[in-house]
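# An overview of the molecular structure
Chain residues, written in single-letter form:
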Amino acid sequence: MRKTLFIKRGRESRSDSRRSPVKAMTGLALLVFGMLAVLPVRADDAYIPVVWSSVVAAPTEEALDESLYQPMQVTLRHRQTGATKSAADCFDTADLIERGYRPDGDMAHDDVINAYLCLARRIIAAAAIPETSHMRDGSGVAPPLHVDDMKRLPAMLGPGESCALRAVGHLTGNDWYSVARFFHIYMAGQKDDYREERSIVTDPAALTATTLLVTAQGPDQLTLTTANSHTVLQRLGFGDVNGDGIDDMLLLRIPKTGVPQLAVLTKVRAESLISPLNRTDIFLDFSYSCPEEAVALVARGADKEGCD
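## Concerning the state of the cysteines
- Throughout the structure, instances matching the rule amount to 2 disulfides.
- For Cys-90, the disulfide goes to Cys-118, at an S-S distance of 1.9 Å. In this structure the cystine formed by Cys-90 and Cys-118 twists about its S-S bond by roughly -120 degrees; its chirality is therefore left-handed. Note that Cys-90 is positioned in helix 2 (residues 90-98) and Cys-118 in helix 3 (residues 109-126), a separation of 28 residues in sequence.
- When its relative accessible area of 1% is taken as the criterion, Cys-118 is described as buried.
- The disulfide bridge from Cys-163 ends at Cys-290, spanning 2.0 Å between sulfur atoms. Residues Cys-163 and Cys-290 are joined through a disulfide that is left-handed, its torsion about the S-S bond being -75 degrees. Here Cys-290 lies in the loop between helix 6 (279-289) and helix 7 (291-299) and Cys-163 lies in helix 4 (residues 163-171), a separation of 127 residues in the sequence.

## Section: the side chain of His-170
- Here His-170 lies in helix 4.
- When sequence neighbours within four positions are dropped, the list of residues in contact with His-170 reads Met-156, Arg-279, Ile-282, Phe-283, Phe-286 and Leu-297.

## A word on the pattern of salt bridges
- According to the stated counting rule, one finds 16 salt bridges in the structure shown.
- Between Asp-285 and Arg-102 there is a salt bridge; the shortest N-O distance is 2.9 Å. Of the two residues, Asp-285 sits in helix 6 while Arg-102 sits in strand 7 (residues 101-103), which places them 183 residues apart along the sequence.
- Classification of Asp-285 by relative accessible area gives buried; the value is 12%.
- A salt bridge links Arg-269 to Glu-271, with the nearest nitrogen and oxygen atoms 3.4 Å apart.
- Under the relative-accessibility criterion, Arg-269 is labelled partly exposed at 47%.

## What to know about helix 6
- Within helix 6, the full set of buried residues consists of Ile-282, Asp-285, Phe-286 and Ser-287.
- Considering only its buried residues, helix 6 is in contact with strand 7, helix 3, helix 4, strand 13 (261-266), strand 14 (275-276) and helix 7.

## Notes on the sheet that holds strand 5 (residues 71-78)
- The 3 strands are arranged 6-5-7 in an open sheet whose pairing can be described as antiparallel. The open sheet has two edge strands with one neighbour each: strand 6 (84-89) and strand 7. Between one strand axis and the next, the sheet turns by 40 degrees as a mean value, whatever way the strands run.
- Judged from the 3 bridges that link them, strand 5 and strand 7 form a sheet pairing that is antiparallel. Within the sheet, the bridge partner assigned to Arg-77 lies in strand 7 and is Arg-102.

The rules we used
Residues numbered from 1 in each chain as written. Predicted model: local features only at pLDDT ≥ 70, side-chain atom pairs only at ≥ 80, totals over all residues. Heavy atoms only, no water. Disulfide = S-S within 2.5 Å. Helix = DSSP H or I, 4+ residues; strand = E, 2+ residues; numbered from the N terminus. Buried < 20%, exposed > 50% of the residue type's maximum accessible area, 1.4 Å probe, protein only. Contact = heavy atoms within 4.5 Å. Salt bridge = Lys/Arg side-chain N within 4 Å of Asp/Glu carboxyl O. Pairing = 2+ DSSP bridges. Axes fitted to C-alpha atoms, helices over the stretch in contact; angles between N-to-C directions.

So this is what it looks like as structure tokens:
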């Protein structure tokens, strides 16, 4: 059993070794009130630790490694070829997802969520210790998710499961839109007047056809509710995912209907916007579920009229 750290690209990272299986997670029940686990900070050299939510694993490196080898009997389908492969544990599930396989359409919703949690575990286990963070303070503490994050997170993480809305969500990545601005214009039907905060509410009694209700359930989870949709944003962890020395954040988007999406987000400077590192992969998922809209999106732009 590994108990040490090794050096990766000039920064410390955790290695990856096979563990004996432990009991599998129970899906949505674990997606509530997940506190981020922080590795002990060295007294001799302050640094920004890699952290993860209790939804991912208990707060030890051994527990994170063991979580990768939980037994998990799932069959995944390649999003391009349609070929299927079966996985026996969490590590194999993550490996297949990284190779373009996705949960099949008839898979139970909790199993789909667990499959993406497996991918998150694998990413976090391979993450390096960041040199700089623009999303956490110097001790590695992240502020709780808040309604104001609707102005900070990119539009593609917001509500809206129709192919038309998802297409516009991807298009707004070229001219960065927040979740709040996207909802204000394309779902609430308001003018692009930079007053998107008027469309965001925190009181359930204020939920209407033109408002987005945002509620926090613990420091790492936001629930986004519209008149006809329900989406959970679950923060899973922080670490340097791509080896550039800058802190990245893993966030799982879980719609009530539709397929979850794991987003790897970064903020390269204090004044920068939060943007997805895995935008291409997110778009590929969209293109295989909404092929006509994806082709149209590539071929032409879209105006700022509301989408049904």
